[in-house]
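# Observations on the model geometry
Chain residues, written in single-letter form:
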Amino acid sequence: MEEFLPFLFNGLSISSILLLTAIGLSIVFGMMGVINFAHGEFIMIGCYSSYIASLVLGSKGTWTALVLAFVLAFALAFAIGYIVERLVIRKLYARPLDSILATWGISLILQQVARNIFGSNNVEAPMPKILNEGLKVSEGITLPFNRLFIIIITILVILLVYIFMYKTPKGRILQAVMQNRAMASCIGINTKKADAFTFSLGCGLAGIAGICISMLGSVGPSTGQNYIIDTFLVVILGGIGGLRGTILAALLIGLCNPFIEYFTTSSMSKVIILSLVLVVLQFKPQGLSPMKDRTID
Amino acid sequence: MKQKIIYAILIIAIILPVLLLSDFRLSILSKFLVFSIVAISVNLLWGYTGILSLGHGAYFALGGYAMAMYLKLQSQPLPDFMEWSGIETLPWFWKPFQYVPFALVMVVVLPVALALLVGIPLFKSGTKGVYFTIISQAITLIMSILFIGQQGFTGGSNGITGFKGVLGYALGDPTLTKILYGLVVIVLIGIYFISKFMLNTHGGTIIQAIRDRETRLRFLGYKTHTFKVITLATSAAICGIAGALFVPIVGIISPSIMSVLMSTEFVIWVAIGGRATLLGPIVGALTINYAKTIFSESLPEYWWYFYGFLFITATLIIPKGIVGSLLKKKWFKNVLLK
């Protein structure tokens, strides 16, 4: 058991980051069939938020700064997401492939904006000191606090999203639009408003993921790009049926990763994981948890 | 009569650059024409069949690497990067590449093999739309990781470069530049007419029907996935040929061609030029690459803004692209089609 602990912990840590980055994307994809290629840049906005917070409150790395960073990241990403939805995404709902291209263009613009504001060099956001230490389990095994913290944040975020989506009236409205847009519209739900809100919410969640990523190291204009393809894989492996599929997919990819990496190299493990995803999609082309649907286009 | 004038203008347009442009510019133009071939292959898949691949860099690179391996072996019996990684004998899969026919066949076979490997399982299981797009992108990323990781066999992130020459001429020789230009023009025209012919066959109609309403086609009894696999393979083959032409012109092939950025660039050429039009991809590839050259010479800072807006423009403002929008105009139709 002792030997397995580091693997399990690493796997959980990877899963938590995958899940945190994928959750927003998955909600947007489930709602409107749009894959937001600028999702990585909303993660980047989150990363820079913690940098901005440290600039405002001094570079000590206090808990106040971290809390401010979370609020700022969510608000900033949410607001920019709302603007993007209003200006671009709204016009492309019927054309998912075109929305890929348009959001890719937005991603390039946002990256360049970040480069112009913060410079192309990476910056470091100071974090509370305790996060750099670790929990000593036994000789030679230390669990870093920042990883533990990210796992806790992920669980919190998932719980909040779950409660919001399934237990509040507003969340139920989103569910309704997700399941049957035409019918929801017929009973008087403003689907456009629901779309705008969902997209902004997805972006806001990406911002929170960005804060967590900024705990792991320095951040730069292209930080988001490093996570984006794995995130896409989690989303399509999970399917559009809701939170369950995404959680399952993130756990599957994340937990497999350290074990495969142990037996091969890190580049080979990426190859193997992609092949695994392909095999699963072979049997479940709509992902692990597809939306039940009887319509044919 | 009109057709003759158009052909005459075309021939002049092809010959003029040879006379007017410096060798440096001519080789850049050849590179752009190679990109037009890539754009045609992307258009075949996206514009006509409705399958968006963000992974055409992989097919391009495979064609390019096949050519580069041949050229490298012509320059050195044992490539220098192998020595650096401590490999003393030529690996078995490199050996046949010293023969031209084998290398030329591989230029097409390797990309097609990858296309079949990817396409058959995916299309058979009914993967479509966004799902295929993301998987194609991931596969290209994996390919580039593999190529960078295998430093000793592929030259790592530097790729394969340092060729002594092509066809007996040193690289950069003015005569060679002109020969390559001619070759690219001929291949481009050939591929243009082949794809035009293919689209006019029954199969060509079927793939366009797949784009418009695949389910209905399946209910009519067509095995749509077979047509999709064939289109993907054809597209990959064309892309591989372009890759092979790219290497002697530029003198290097490296995994950077498999980056997400590059493969997306292929698509935007088609989108701006005009998807599902025959001329569109060529116009788009030439225009955007020309714009890119101008920007990178004068305003490199603003290129990314401009480029980002291009994507939004291509989808929101001119979804039909340059050629597609022009085709709606009566005068343009009269000039081109009568």
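Criteria and cut-off values
Residues numbered from 1 in each chain as written. Chains lettered and ligands numbered in written order. Predicted model: local features only at pLDDT ≥ 70, side-chain atom pairs only at ≥ 80, totals over all residues. Helix = DSSP H or I, 4+ residues; strand = E, 2+ residues; numbered from the N terminus. Rg over C-alpha atoms; globule rule 2.2 N^0.38 Å. Contact = placed C-beta atoms within 7 Å. Buried ≥ 20, exposed ≤ 12 C-beta atoms within 10 Å, placed from the backbone. Axes fitted to C-alpha atoms, helices over the stretch in contact; angles between N-to-C directions. Parallel < 35°, antiparallel > 145°, perpendicular 65-115°, else oblique. Nonpolar A, V, L, I, M, F, W, Y, C, P; charged D, E, K, R; others polar. Pairing = 2+ DSSP bridges. Left-handed = near helix turned anticlockwise from the far one by under 90°. pLDDT = per-residue confidence, 0-100.

### Things to note about the overall build of chain A
Of regular secondary structure, chain A possesses 11 helices and 2 strands. Whereas a compact globule of 297 residues would reach a radius of gyration of roughly 19 Å, chain A reaches 19 Å, a difference of no more than 12%. Counting only C-alpha atoms and orienting by the principal axes, one finds that chain A spans roughly 60 × 45 × 35 Å. Counting only contacts in chain A whose residues sit at least 6 apart along the sequence, the fraction spanning at least 24 positions is 75%.

### Considerations on unusual backbone geometry
The phi dihedral of A276(B) falls on the positive side, at around 60°, and the residue is not glycine. We classify A276(B) as buried; it has 21 C-beta atoms within 10 Å.

### Observations concerning the packing of helix α5 (residues 145-167) of chain A against helix α6 (residues 169-179) of chain A
Any two packed helices are characterised by how steeply their axes cross, that is the angle between the axes, and by the distance between the axes. Residue and element names in this part refer to chain A. Their axes nearest at 5 Å, the elements α5 and α6 cross at an angle of 75°. When the interaxial angle is binned, α5 and α6 end up roughly perpendicular. Every residue of α6 that contacts α5 at F164, M165, Y166 and K167 is listed here: G171, L174 and Q175. A class-by-class count of the residues in the contact of α5 with α6 yields 4 nonpolar, 2 polar and 1 charged.

### With respect to the environment of W46(B)
Residue and element names in this part refer to chain B. Here W46 is to be found in helix α2 (residues 23-48). Each C-alpha atom of the pair W46 and V267 lies 8.4 Å from the other, and the pair is 221 residues apart in sequence. In this structure, W46 is in contact with I51, L52, S53, V267, V270 and R275, ignoring residues within four places of it in sequence.

### With respect to the interface of chain A and chain B
Taken together, the contact between chain A and chain B spans 30 residues of the former and 35 residues of the latter. Within the residue set of the side of chain A that touches chain B, elements represented by two or more residues are α4 (96-118), α9 (223-238) and α11 (266-283) of chain A. Considering each element in turn, the side of chain A that touches chain B owes the most residues, 12 residues, to α4(A). Looking at side-chain class alone, the side of chain A that touches chain B contains 22 nonpolar, 4 polar and 4 charged residues.

### Quick look at the pairing of strand β1 (residues 134-138) of chain A
Little of β1(A) sits out of view: just 0 of its 5 residues are buried. Counting the residues between successive antiparallel strands, the hairpin from β1(A) to strand β2 (residues 141-144) of chain A contains 2 residues, one of them, G140(A), with a positive phi of roughly 85°.

### A look at the packing of helix α2 (residues 39-56) of chain A against α4(A)
All names here are of chain A. Axis separation between α2 and α4 bottoms out at 9 Å; the angle between their running directions is 20°. Judged by the inter-axis angle, α2 sits roughly parallel to α4. Two packed elements cross with a definite hand, and for α2 against α4 that hand is left-handed. Counting all contacts with α2, which are made through G40, E41, M44 and Y48, the residues of α4 involved are S107, L110, Q111, A114 and F118. By residue class, the composition of the contact of α2 with α4 is 5 nonpolar, 3 polar and 1 charged.

### Quick word on the confidence of the model for chain B
Residue and element names in this part refer to chain B. Predicted confidence across chain B gives a mean pLDDT of 88, with 99% of residues reaching 70 or more. Of all helices and strands in chain B, the one with the weakest mean pLDDT is helix α15 (residues 330-337) (70), whereas helix α10 (residues 224-250) scores best (94). With a pTM of 0.90, the predicted complex shows an ipTM of 0.87.

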